[in-house]
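What the coordinates show
Spelled out from the first residue to the last, the chains are:
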Amino acid sequence: MLENFLTLGWIMIKVVIIIVSLLLTAAYLSLAERKIVGFMQDRVGPNRVGPLGLMQPIADGLKLLFKEIIMPSRANQYLFIVAPILAIGPALAAWAVIPFQPEWVLADINVGLLYLLSMTSLSVYGIIIAGWASNSKYAFLGALRSAAQMVSYEIAMGFSVVGVVMAAGTLNLSDIIAAQSGGIHHWYWLPLLPLFVVYWISAVAETNRLPFDVSEGESEIVAGFHVEYSGIAFALFFLAEYANMTLVSALATIMFLGGWLSPFQGIPFLDQYLSWIPGIVWFMLKVSFFLFLFLWFRATFPRYRYDQIMRLGWKIFIPLTLIWIVVLAVMIKIGVGPWFS
Amino acid sequence: MSEIQNYTINFGPQHPAAHGVLRLVLEMDGEVIERADPHIGLLHRATEKLAESKPYNQNIGYMDRLDYVSMMCNEHGYVMAIEKLLGIKPPVRAQYIRVMFDEITRILNHLLWLAAHALDIGAMTMFLYCFREREDLLDCYEAASGARMHATYYRPGGVYRDLPAQMPKYKASRWHNAKEIAKMNENREGSLLDFIWDFTDRFPKRIDEYETLLTDNRIWKQRTVGIGVVSKERALQLGFSGPMLRGSGVAWDLRKTQPYAVYEAMNFEIPIGTEGDCYDRYLVRIEEMRQSTHIVRQCVNWLRQNPGPVMLENHKIAPPSRIAMKQDMESLIHHFKLFSEGYSLPKGEAYAALEHPKGEFGVYLVSDGANKPYRVKIRAAGFPHLAALDEMARGHMLADVVAIIGTQDIVFGEVDR
């Protein structure tokens, strides 16, 4: 009996650790975004709250917490409140299966990748319900756009994941990483390069970030699905977006860049010299690289039009992934080294 | 069965892409625009009516506020109409200064257009890059006239004062140390003309930078090529002017076709498009910025070599110097008369038009012989363009409407007047 409680307590502690660090990451990612995009745009970004503006996310969070949640008069009150919860829930729950370094995973389940796919698919409900419940035309358009976009990019994303599953022969994320060990050229980004590219672009589209942010489309539909939200309800959408960005970056790291594996594996001198660095450091560095790409895209590209995004997804990415899956099957069958031999 | 109705969306007047206060009622079939109905008048300030109750010179300031991104060009139109009715011609140096500032204004306007257009299409970084350059040009405005935007610098008979021999400099503050200040003041050591010359040296490279970000960008092309197409014939029928007309392939530019001021002496080209879509208009405006830089350089060269008066000596129209006013009885009388009653124009009417950055800007002035205009009618370049919005947007998607508003370069200050 007591043992059960202890186990449960230990799991709860782990959950709290993951969620708190995740929310902090999301908050500071917003600061990093403002700083990095700021420097790309010839300005300094926030630098007033705390040293170098480091307290800015805290100040923003407090401000949003204390602001009133304005309920539009003819909104569906129940759904209006449920929507942000539905958005943030899956974004956090998905982290249960992410391995940060060997043995550091909340739930080491065998269908980890499947679980992740289903969780990321769920997040679209938050957006659709938010758009519907707001009873606003702009929000409604945004919700429709993002529903169509996320559903179609889910397919391209799913097919790239299929490639990884074929290559690794498992759905368990820790095993997928283990299958990539042996140095930087053993990682799956190389044999699965087209899938890697498709996955990454789909991931950007999936999280509704520029250049695919038509569901928010600042200059077209103002803020899209969350135009009517304020206060902490808006903050939940905001956190969900950033948590999702981190999630897809973590996934890209795990599936294509060897997760916690050191990039110097197999290099005689460096490997031993740097072996003291824990895997989580490599993991975080790789995730940061992908997160940086998000910000870089945002500062560089104009926004796609809604139908152009659809065309890109259906007519280019899905055929491309299908073809590469066949190529991959052949490669696995004849045992192309060093990955499949 | 109830009939299926189009979805109506109210775009603006509070909308990030409404360029001020445009209100569009869009009838949509899904994302496709069936009808776009622009509603104007939300920035109506009765400029034309106000002008009827003020002496001529006091209206110049209102002209700045018409199209508030190309201030001096508006002034030029109004001042030209008065000069036409008075039958006077300002000194050549003043005309060169006017041409130089007209072209600086054109660059200012096109930079703001590019910034806003790119921001509307989602390229946020362009916005800040363009504003970086605008900062320098607004400093030129400030050095010449004392105001960064609403300059009131052109006067009938010349310009308010000669260009300053010293460019204002930054001072050290708690935000910038001496070394940073020295760097910021690097191109401010000489006169205003040196500063402008320095700007024209580096500006073409900056335009190249913008072009690397946009011109060959696939997303940018997908968003602008084939959007808002206006054929050559249709553009003429709709009364387009400026880059909107030239983008459709008509080489019509008042600076060439009916030269005013000293444009005859200037060497420049008129870029024209072929397709008449948003992308062509983008290319035309980018090239115009390069041509304007070229004109500014020619003016700077001339102005450096030819000092002289910048205002007529006729004190019935132009005020005497302040020193003369303090010592000389006649000057004092002139000064008092000019700044209280103003001057009267002969009975008659005049229309003066010039190539404003957005198109043909015209002022039609009717005088009944009094010291105030009987009627001022302003032809705003943007008005006919906005009227064609429905035609340009029909059949396109919601996101394209934003691109089309951007390409029209609408400013409501002049549309609503």
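All right, on to the overall build of chain B then. The secondary structure content of chain B amounts to 18 helices and eight strands. Here chain B has a C-alpha radius of gyration of 23 Å; the compact-globule value for 417 residues is 22 Å, and the two agree. Taken along its principal axes, the extent of the C-alpha atoms in chain B is 85 × 60 × 45 Å. Every one of the 417 residues in chain B was classed for burial, and the buried ones make up 57%. The long-range share in chain B, meaning contacts at least 24 apart out of those at least 6 apart in sequence, stands at 69%. As presented, chain B carries roughly 17100 Å² of accessible surface, and 54% of it is formed by carbon and sulfur atoms. For chain B, the distance from the average position of its 50 positive side-chain charges to the average position of its 54 negative side-chain charges is 5 Å.

Right, let's get into the pattern of salt bridges. Per the counting criterion, the structure on display carries 42 salt bridges over all chains. Of the charged contacts in the structure, one is a salt bridge between Asp60 of chain A and Arg34 of chain A, with a shortest N-O distance of 3.0 Å. Of the two residues, Asp60 of chain A sits in helix H2 (residues 56-66) while Arg34 of chain A sits in helix H1 (residues 2-40), which places them 26 residues apart along the sequence. Here Asp60 of chain A falls in the partly exposed class, since its relative accessible area comes to 22%. Residue Arg34 of chain A is classed as partly exposed on the basis of its relative accessible area, which comes to 34%. The salt bridge involving Arg297 of chain B is made with Asp201 of chain B; its shortest N-O contact spans 3.0 Å. Residue Arg297 of chain B is found in helix H12 (residues 278-305), and its partner Asp201 of chain B is found in helix H7 (residues 192-214); the two are separated by 96 residues along the sequence. Given the relative accessible area of 24%, Arg297 of chain B is considered partly exposed. Because the salt bridges share partners, they merge into one network encompassing Glu103, Arg106, Arg246, Asp253, Arg255, Glu288 and Glu355 of chain B.

Turning our eyes to something else, we now look at a nonpolar patch on the surface. A cluster of nonpolar side chains, contributed by Met55, Ile58, Leu62, Leu65 and Phe66 of chain A, occupies part of the molecular surface with about 510 Å² of accessible area. Considering the arrangement of structural elements, one finds Leu65 of chain A in helix H2.

All names here are of chain B. Both strand S2 (residues 23-29) and strand S3 (residues 32-39) contribute to a ladder of seven bridges, which runs antiparallel. Bridge pairing in S3 links Met28 to Ile33. Turn length for the S2-S3 hairpin, with the two strands adjacent in sequence and antiparallel, is two residues, and the turn residue Gly30 shows positive phi of about 70°.

Approximately 1200 Å³ is the volume attributed to the largest pocket. Around the largest pocket, the lining comprises 42 residues; the ones closest to its centre are Ser30, Glu33, Phe234, Phe238 and Tyr242 of chain A. Elements represented by at least two residues in the lining of the largest pocket include exactly H1, H2, helix H8 (218-221) and helix H9 (231-256) of chain A together with helix H4 (92-121) of chain B. No other element matches the nine residues that H9 of chain A contributes to the lining of the largest pocket. Across the lining of the largest pocket, the residue classes break down as 21 nonpolar, eight polar and 13 charged.

Turning to the packing of aromatic side chains, a few remarks are in order. All names here are of chain A. One pass over the full model with this rule turns up 31 aromatic pairs over all chains. With a centroid separation of 6.2 Å and 85° between ring planes, the pair formed by Tyr153 and Phe317 is classed as edge-to-face. Note that Tyr153 is positioned in helix H5 (residues 137-168) and Phe317 in helix H12 (residues 306-334), a separation of 164 residues in sequence. Each member of the pair, Tyr153 as well as Phe317, carries the same accessibility label: buried. On the numbers, 5.9 Å between centres and 40° between planes, the contact of Phe292 with Trp296 is tilted. Here Trp296 and Phe292 lie together in helix H11 (residues 279-300), a separation of four residues that amounts to about one turn.

So, on to the sheet that holds strand S7 (residues 359-367) of chain B. In any sheet, the strands associate via hydrogen bonds between backbone groups, in a parallel or an antiparallel arrangement. All names here are of chain B. Pairing in this open sheet of three strands is antiparallel, and the strands run S6-S7-S8 from one edge to the other. A strand with exactly one partner marks an edge of an open sheet, and here the two such strands are strand S6 (348-356) and strand S8 (375-379). With direction set aside, neighbouring strand axes in the sheet form an average angle of 10°. Note that S7 and S8 share five bridges and pair antiparallel.

All names here are of chain A. Evaluation of the coordinates by the stated rule reveals four cavities of 30 Å³ or more. In this structure, the largest cavity occupies an estimated 140 Å³ of space. As for the largest cavity, its lining consists of 14 residues, and the residues nearest its centre are Ile127, Asn208, Ala240, Glu241 and Asn244. Breaking the lining of the largest cavity down by element, the ones donating at least two residues are helix H4 (112-133) and H9. Looking at which element gives the most residues to the lining of the largest cavity, the answer is H9, with four residues. Among the residues making up the lining of the largest cavity, the classes are represented as six nonpolar, five polar and three charged.

For the rest of this paragraph, the subject is the confidence of the model for chain B. Residue and element names in this part refer to chain B. For chain B, the mean per-residue pLDDT works out to 88, and 99% of the residues sit at or above 70. Averaged pLDDT values for the elements of chain B fall to 83 in strand S1 (residues 7-11) and rise to 92 in H12. As a predicted assembly, this complex carries a pTM of 0.88 together with an ipTM value of 0.83.

Turning next to the interface of chain A and chain B. Residue-level contacts link 30 residues of chain A with 35 residues of chain B. A buried area of about 2700 Å², summed over both sides, lies between chain A and chain B, and 57% of it is on carbon and sulfur atoms. Counting every contact that joins chain A to chain B gives three salt bridges. Two residues, Arg145 of chain A and Glu31 of chain B, come together in a salt bridge whose shortest N-O distance is 2.6 Å. The tally of links from chain A across to chain B stands at eleven residue pairs in polar contact (both at pLDDT 80 or more). If you list the elements that add at least two residues to the side of chain A that touches chain B, you get H1, H5, H8, H11 and H12 of chain A. Sort the elements by how many residues they give to the side of chain A that touches chain B and H5 of chain A lands first, with five residues. Its residues placed into classes, the side of chain A that touches chain B shows 14 nonpolar, four polar and twelve charged.

Criteria and thresholds
Numbers given to residues run from 1 along each chain, matching the order in which its sequence is written. Ligands are numbered from 1 and chains lettered from A, in the order in which they are written. Local features in a predicted model are, by the rule used here, given only for residues with pLDDT of at least 70; side-chain atom pairs are given and counted only at 80 or more, and totals for whole chains, interfaces and linings are based on all residues. Computation of side-chain values: all heavy atoms of the structure, hydrogens and water removed. In this text, helices come from DSSP runs of H or I with a minimum length of four residues, and strands from runs of E with a minimum of two, each type numbered from the N-terminal end. Between the two quantities, the radius of gyration covers C-alpha atoms and the globule rule is 2.2 Å times the number of residues to the power 0.38. The buried label applies to any residue whose accessible area, calculated with a 1.4 Å probe on protein chains only, is under 20% of its type's maximum; exposed applies above 50%, and partly exposed to all values in between. Residues count as neighbours in contact if any of their non-hydrogen atoms are within 4.5 Å of one another. The accessible surface values rely on the Shrake-Rupley method and a 1.4 Å probe; as for residues, cover is taken only from the protein chains in view. Charge counting treats Lys and Arg as positive and Asp and Glu as negative, with His and both chain ends excluded. Each charge is placed at NZ for Lys, CZ for Arg, CG for Asp and CD for Glu. In what follows, salt bridge is the name for a side-chain nitrogen of Lys or Arg lying within 4 Å of a carboxyl oxygen of Asp or Glu. Exposure above 30% relative accessible area and the lack of any salt bridge qualify a residue for a patch; like charges then connect within 9 Å, and the nonpolar side chains Val, Leu, Ile, Met, Phe, Trp and Tyr within 5 Å. Whether two strands pair depends on DSSP finding at least two bridges between them. Residues are called lining when one of their atoms sits within 4 Å of a cavity or pocket point, these points coming from a 1 Å grid over the protein atoms alone, where a cavity is a set in which a 1.4 Å probe fits but cannot get out and a pocket is an open set with protein on both sides within 12 Å along at least five of seven lines. Grid points are joined across faces, edges and corners, and a volume is the space filled by probe spheres set on the points. Note that Gly is not counted as nonpolar here; it falls among the polar residues with everything else outside the nonpolar set of Ala, Val, Leu, Ile, Met, Phe, Trp, Tyr, Cys and Pro and the charged set of Asp, Glu, Lys and Arg. By convention, a stacked pair of Phe, Tyr or Trp rings (six-membered ring in the case of Trp) has centres within 6.5 Å and planes under 30 degrees apart, an edge-to-face pair has planes over 60 apart, and any other such pair is tilted. Every angle, taken between N-to-C directions, lies between 0 and 180 degrees, and every axis is a line fitted to C-alpha atoms, over only the stretch in contact when it is a helix. Here pLDDT means the predictor's own confidence in every residue, given as a number from 0 to 100. Throughout, buried area stands for the accessible area (probe radius 1.4 Å) lost by two parts on being put together, summed over both. A 3.5 Å cut-off defines polar contacts: any pair of N or O atoms within that distance qualifies, except that in protein one atom must be a possible hydrogen donor and the other a possible acceptor, and neighbouring residues in sequence count only when both atoms are side-chain atoms.

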